[in-house]
Amino acid sequence: MMKKWVCNVCGYIHEGEQPPDVCPVCGVGPEEFRLLEDKPEKPTSAKSAKRWKCTVCDYIHVGDAPPDVCPLCGVGKEYFVLLSDEIASLTRESLANSNAATVRSALDTISYGLYIVSSIKDNKINGQCANTVAQLTIEPCRIAVCLNKRNLTHEYVMASGVLAISVLREDQIDMVRHFGFQSGRTKDKFTEIPYLTGRLGCPILQDCVAYIEAKVLPDKTVDVGTHTLFVADVIAGQVASKLAPLTYRFYQEQKNKAK
Ligand SMILES: Cc1cc2nc3c(=O)[nH]c(=O)nc-3n(C[C@H](O)[C@H](O)[C@H](O)COP(=O)(O)O)c2cc1C
């Protein structure tokens, strides 16, 4: 009779002599599969075992306690949070359990889009990936963008007081890597990317869901430590495509699938 293997993480059942190399549902390796015996399941089955999530890389560990070290990203057990399928609402007791890892998980539930923020300085152009873009008010039409002071884009926005936002499509994760994993200090990021020059002189990705151009309001812009929160008034913008915009969550899910 063909052996049956169950995935400890998602419960997927595989039939074969060996467990699969990769779970087709949740992507974990063969070490997360256990052989299903014909005898009744022990209480330590996937259904009753606790599930712990690494808040840094989303790795799921099944067991009574979190692992000492995350096998994927190497952080310690203090970064793991217990995933509870049963508790759907908070209790007074659960409020007492907040720690650094639970805060991190809570922050991860805040929704973001992903954008290319671009600017100019002395006729030079540059852009970076950013998730911290938000509309603040409708009238006047005002946005905020939070940029790290170390970034070249920050230097350009500070100098020129203008910026453009290109809203990425779901299929543009390569743009996140191109603009988010390297600095304009070491590479001219726009050489191989088709772009148009907007009214304020900032480059706008030709391929995008929408663009927005804005002028920074220096008196409303705030130094927030490592970053500057630029507050800017929108002077132009248009939708280019009806395709779905890229969200931070979707990007992270694709990244985890590729692991
Ligand atoms: C998914 C993602 C989101 C990011 N969000 C921001 C952000 O909101 N603010 C920021 O300053 N940097 C953010 N970054 C980092 C910058 O994109 C990165 O440091 C970039 O290389 C800076 O480029 P520059 O030096 O050419 O300006 C993000 C990177 C990624 C991959």
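Residues numbered from 1 in each chain as written. Predicted model: local features only at pLDDT ≥ 70, side-chain atom pairs only at ≥ 80, totals over all residues. Heavy atoms only, no water.

Colleague: Before we go on, may I ask you to explain the site of the ligand in this structure?
Modeller: The environment of the ligand is formed by 25 residues, the closest being Thr 132, Asn 148, Thr 153, Ser 183 and Gly 184. Cys 129 places a polar main-chain atom, nitrogen or oxygen, 2.8 Å from an oxygen atom of the ligand. Breaking the shell around the ligand down by element, the ones donating at least two residues are β8 (124–130), β10 (142–148), α2 (152–160), α3 (173–180) and α4 (248–258). The biggest single contributor to the shell around the ligand is β8, with five residues. When its residues are assigned to classes, the shell around the ligand shows eleven nonpolar, 13 polar and one charged. (Near = heavy atom within 4 Å. Polar contact = N/O pair within 3.5 Å; in protein donor to acceptor, adjacent residues only side chain to side chain. Helix = DSSP H or I, 4+ residues; strand = E, 2+ residues; numbered from the N terminus. Nonpolar A, V, L, I, M, F, W, Y, C, P; charged D, E, K, R; others polar.)

Colleague: It is not clear to me how the packing of aromatic side chains should be interpreted in this structure. Could you clarify?
Modeller: Both the distance between ring centres and the angle between the ring planes are used here to describe each pair of aromatic rings. Taken as a whole and assessed by the stated rule, the structure comprises four aromatic pairs. Ring plane angle 70° and centroid distance 6.1 Å describe the contact between Tyr 112 and Tyr 248, whose orientation is recorded as edge-to-face. Taken as a pair, Tyr 112 in the loop between α1 (100–108) and β7 (115–121) and Tyr 248 in helix α4 lie far apart in primary sequence, 136 residues in all. Relative accessible area serves as the criterion here: at 30%, Tyr 112 is assigned to the partly exposed category. Overall, the relative accessible area of 28% leaves Tyr 248 in the partly exposed class. The rings of Tyr 112, Tyr 248 and Tyr 251 are connected pair by pair, giving a single aromatic cluster. (Phe/Tyr/Trp six-rings, centres within 6.5 Å; stacked < 30°, edge-to-face > 60°. Buried < 20%, exposed > 50% of the residue type's maximum accessible area, 1.4 Å probe, protein only.)

Colleague: What should I look at first to understand the pairing of strand β14 (residues 210–216) in this one?
Modeller: Looking down a regular strand, the side chains alternate between one sheet face and the other. Summarising burial for β14: five of the seven residues are buried, a large majority. In terms of strand pairing, strand β11 (residues 162–167) meets β14 through six bridges, oriented antiparallel. Across the sheet, Leu 163 pairs through a bridge with Ala 214, a residue of β14. The pairing of β14 with strand β16 (residues 227–239) spans seven bridges and is antiparallel. Bridged to Ala 210 within β16 is Val 239. (Pairing = 2+ DSSP bridges.)

Colleague: Can you walk me through the domain arrangement of the chain in this structure?
Modeller: Frequently, the measure chosen for interface size is the accessible area that the parts lose on association. When the domains of the chain are assigned, the result is domain 1 (4–108) and domain 2 (115–251). Relative to domain 2, the C-alpha centre of domain 1 lies at a distance of 37 Å. (Domains from an automatic or database assignment.)

Colleague: For this particular structure, what's the right way to read the nonpolar core?
Modeller: Ranked by size, the top nonpolar core spans 17 residues in total, and within it Val 117, Ile 143, Val 145, Leu 147, Leu 163 and Ile 165 carry the most contacts. At the level of elements, β7, β10, β11, β14 and β16 are the ones that each hand at least two residues to this core. Beyond its immediate stretch of four places on either side in the chain, Val 117 contacts Asn 126, Gly 127, Gln 128, Ala 130, Val 133, Val 145, Leu 147, Thr 153, Ala 164 and Ile 165. The next biggest cluster of nonpolar side chains, apart from the first, holds 14 residues, and it includes Ile 116, Met 175, Phe 179 and Leu 246. (Core = buried A, V, L, I, M, F, W, Y, C linked by side-chain atoms within 4.5 Å. Contact = heavy atoms within 4.5 Å.)

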